[in-house]
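Chain residues, written in single-letter form:
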2 protein chains.
Amino acid sequence: MSGASLAVSTVIFALRSSGRFGEDGGERGLWLPLVRRIREPYEGRWALPGGPLGESEGLAEAATSTLAKTTGLAPRYLEQLYAFGDPERSGEQAGSAGKPAASGDRVVSVVYWALVGDDEARAARIGQNVRWFPADDLPALAFDHELIVEYALWRLRNKVEYSRIASAFLGATFTLAQLREVYEAVLGRTLDPANFRRQIEASGVLEDTGEVLTGVRHRPPRLYRYNQAVDLADQGPLGRLAQK
Amino acid sequence: MSGASLAVSTVIFALRSSGRFGEDGGERGLWLPLVRRIREPYEGRWALPGGPLGESEGLAEAATSTLAKTTGLAPRYLEQLYAFGDPERSGEQAGSAGKPAASGDRVVSVVYWALVGDDEARAARIGQNVRWFPADDLPALAFDHELIVEYALWRLRNKVEYSRIASAFLGATFTLAQLREVYEAVLGRTLDPANFRRQIEASGVLEDTGEVLTGVRHRPPRLYRYNQAVDLADQGPLGRLAQK
DNA sequence: CCAAAAGTGTTTAAGATACACCCATGG
DNA sequence: CCATGGGTGTATCTTAAACACTTTTGG
């Protein structure tokens, strides 16, 4: 009936220090895992993890299972990005040295984007054909995956400014400085600590745990947690559907 | 390979006076065309227009062709809304008297939303099983289409505030009052004419045509057109892809 | 001249930004 | 007591909202 087969792919973001992945220190930045293609088309190129949609699987469910298979992680946040379905998107890319696909295999990809926690990503099991890359320094990708990653980054940077998704990169409790560092890394610019504090407090998304973080060689910062009543990401009527 | 067939549906919005469709006068409001289902499941119920994805058709292309088949219209604006693919979404709805679907026919729907012009919608050819309904007073719909329409309305109302999509409801040139009426109808509240003028002027999306609209029994208003250089709807990296 | 909507000006309030300054802890 | 980041106060700038007022047409 339908003229296309259906796949689900996921853009997975983690926030890590910019040295080698798994080490501490240095600037924090966004990283994402890619898988190396072992078949034509684009054999040998890096691509977004994904796979065909299972018979009785929901779309978000398929994205979650891809994420688990690739990294062994569960997403802290998951949202649909876009459905890509141009007939030519499996073919050659302009200016690319990649091998063009044989035509006839039409694939529509429903793409999700996910955020995983800092600590969890560190412990992520990594397979033979899986590697993490800095989001701002990617190799040439298969298919139209470069456009997809670019769009996912754009969505993430927009959304971090009007929702509380930044919390997905952190643990259950955190200091305002840690939260601010997430914002700074995602947005790529520094923020005034004083004004950041006021903005977050005014938004009402934080709760004071009453505890402080000790062991630092300066005044101990308070620990906060996110207010459960505030939705992780405002998606309107889709809210109940998105994070079930 | 894939366990689901693929369909493309479209939520089509027109802005019309709230009397009977095709007449003048009264409040302006959003209307949308629905088609009556002539087969199980949900036979006799109203549903969003749509159909299976053609073999060599792009997703947006399929949405446009559905729109043409249903209303004879070309969209002034078209954007992907969401891909719906829960395995149970073809089944019965809670509290509904509709007939549940036979299971086994899994359908993933990529849904688009479209805006059509006032004047064009008036001349739209209407088929036997197609009827326009006010967006705020819909009958019970088939499948999960009520949720889909609700989400489309939410997106439209959000987007009208930070993009220039309102122009899609108007002709090539228009007065500020006409533009304001579009905003008021979509948002469902009145806006201060003085402040509206300043906001729009400050945003830089309008160009003065130098002409005025005559024949009104008060001071003739200026006619404006939209600045081509400003993108119709900011979709970031997808901009080039969205309106091609 | 009058009604009606176009268009301008002004006042006020709210929000964002910049930055000075005090606080509390480890060493 | 000093260095360091946590946390507070405040002056300033920008933007949005409310609303009085002037302008220009048709009747």
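If you're wondering where the values come from, they're calculated on a predicted model, not measured in any experiment. Here, residues in each chain are numbered from 1, in the same order as that chain's written sequence. A letter from A marks each chain and a number from 1 marks each ligand, given out in the order of writing. Where totals are concerned, whole chains, interfaces and linings use all residues; where local detail is concerned, this predicted model gives features only for residues with pLDDT of at least 70, and gives and counts side-chain atom pairs only at 80 or more. Calculation of side-chain values draws on the structure's entire complement of heavy atoms; hydrogens and water are dropped beforehand.

### Re the overall build of chain A
The secondary structure listing takes helices from DSSP runs of H or I that are at least 4 residues long and strands from runs of E that are at least 2 residues long, numbered from the N terminus. The secondary structure content of chain A amounts to six helices and nine strands. Whether a residue is buried, partly exposed or exposed follows from its accessible area with a 1.4 Å probe, protein chains only, as a fraction of its type maximum: under 20%, in between, or over 50%, in that order. Counting over 244 residues, chain A shows a buried share of 50%. Of the contacts formed within chain A by residues at least 6 apart in sequence, a portion of 67% connects residues at least 24 apart. Of the roughly 11,900 Å² of accessible surface on chain A, a fraction of 48% belongs to carbon and sulfur atoms. The contact criterion used throughout is that any non-hydrogen atoms of two residues lie within 4.5 Å. Values of accessible area rely on a 1.4 Å probe in the Shrake-Rupley scheme; residue burial ignores everything except the protein chains shown.

### Side note on the domain arrangement of chain A
All names here are of chain A. The split of the chain into domains comes from an automatic or database domain assignment. Assigned domains of chain A: these are domain 1 (4–159) and domain 2 (168–236). Each partner contributes residues to the interface: domain 1 has 15 residues there, and domain 2 has 14 residues. Between domain 1 and domain 2, a total of about 1,200 Å² is buried, with carbon and sulfur atoms accounting for 65% of that surface. When residues of domain 1 are sorted by the area they lose upon contact with domain 2, Leu-15, Arg-28 and Arg-76 head the list and together hold 39% of the total. Think of a salt bridge as a Lys or Arg side-chain nitrogen and an Asp or Glu carboxyl oxygen that are within 4 Å of each other. Here domain 1 is connected to domain 2 by zero salt bridges. Contacts described as polar in this section are N or O atom pairs within 3.5 Å, which, within protein, must combine one atom able to donate a hydrogen with one able to accept it, while residues neighboring in sequence count only if both atoms come from side chains. Remark: the boundary between domain 1 and domain 2 carries three residue pairs in polar contact (both at pLDDT 80 or more). Basically, the charged four are Asp, Glu, Lys and Arg, the nonpolar ten are Ala, Val, Leu, Ile, Met, Phe, Trp, Tyr, Cys and Pro, and anything else, Gly included, counts as polar. When its residues are assigned to classes, the side of domain 1 that touches domain 2 shows eight nonpolar, one polar and six charged. A simple way to read buried area is as the amount of 1.4 Å-probe accessible surface that goes missing from two parts once joined, with both sides added.

### Things to note about the interface of chain B and chain A
Across the boundary between the two partners, chain B contributes 37 residues, which contact 37 residues of chain A. Between chain B and chain A lies a buried interface of about 3,300 Å² when both sides are counted; carbon and sulfur atoms form 62% of it. Per-residue buried area on chain B facing chain A is highest for Tyr82(B), Pro237(B) and Leu238(B); these three make up 17% of the total on that side. At the boundary of chain B with chain A, the tally comes to zero salt bridges.

### Details of the relation of the copies chain B and chain A
Rotating chain B by 180° and moving it 0.0 Å along the rotation axis overlays it on chain A with an RMSD of 0.0 Å. Expressed as a symmetry operation, the mapping of one chain copy onto the other fits a two-fold axis. The overlap is high: 100% of the interface residues of chain B also sit at the interface in chain A, so the same surface is used on both sides. Copies are brought into register by a least-squares superposition over C-alpha atoms of residues with pLDDT of at least 70 in both.

### Quick word on the protein's contact with DNA strand C
The local shell around DNA strand C holds 20 residues, among which Asn195(A), Val216(A), Ala177(B), Arg197(B) and Arg198(B) are the closest. Take Arg198(B): an N or O atom from its side chain is 2.8 Å from a base oxygen of DNA strand C. Between a phosphate oxygen of DNA strand C and a main-chain N or O atom of Arg222(B), the distance comes to 2.9 Å. If you list the elements that add at least two residues to the surface near DNA strand C, you get helix 5 (193–203) of chain A together with helix 4 (176–187) and helix 5 (193–203) of chain B. Any residue with a non-hydrogen atom lying within 4 Å of a molecule or strand is treated as near it.

### Concerning the confidence of the model for chain A
The predictor rates its confidence in each residue with pLDDT, a number between 0 and 100. In the predicted model, chain A carries a mean pLDDT of 88, and 87% of its residues have values of at least 70. Segment residues 93–103 of chain A: pLDDT under 50, and 18 contacts once partners within four positions in sequence are set aside and those in other chains are kept.

### Quick look at the protein's contact with DNA strand D
Taken together, 20 residues lie near DNA strand D, and Ala177(A), Arg197(A), Arg198(A), His218(A) and Arg222(A) sit nearest. Gln199(B) places a polar side-chain atom, nitrogen or oxygen, 3.3 Å from a phosphate oxygen of DNA strand D. Put simply, the parts of the chain that give the surface near DNA strand D at least two residues each are helix 4 (176–187) and helix 5 of chain A together with helix 5 of chain B. Its residues assigned to classes, the surface near DNA strand D comprises six nonpolar, four polar and ten charged.

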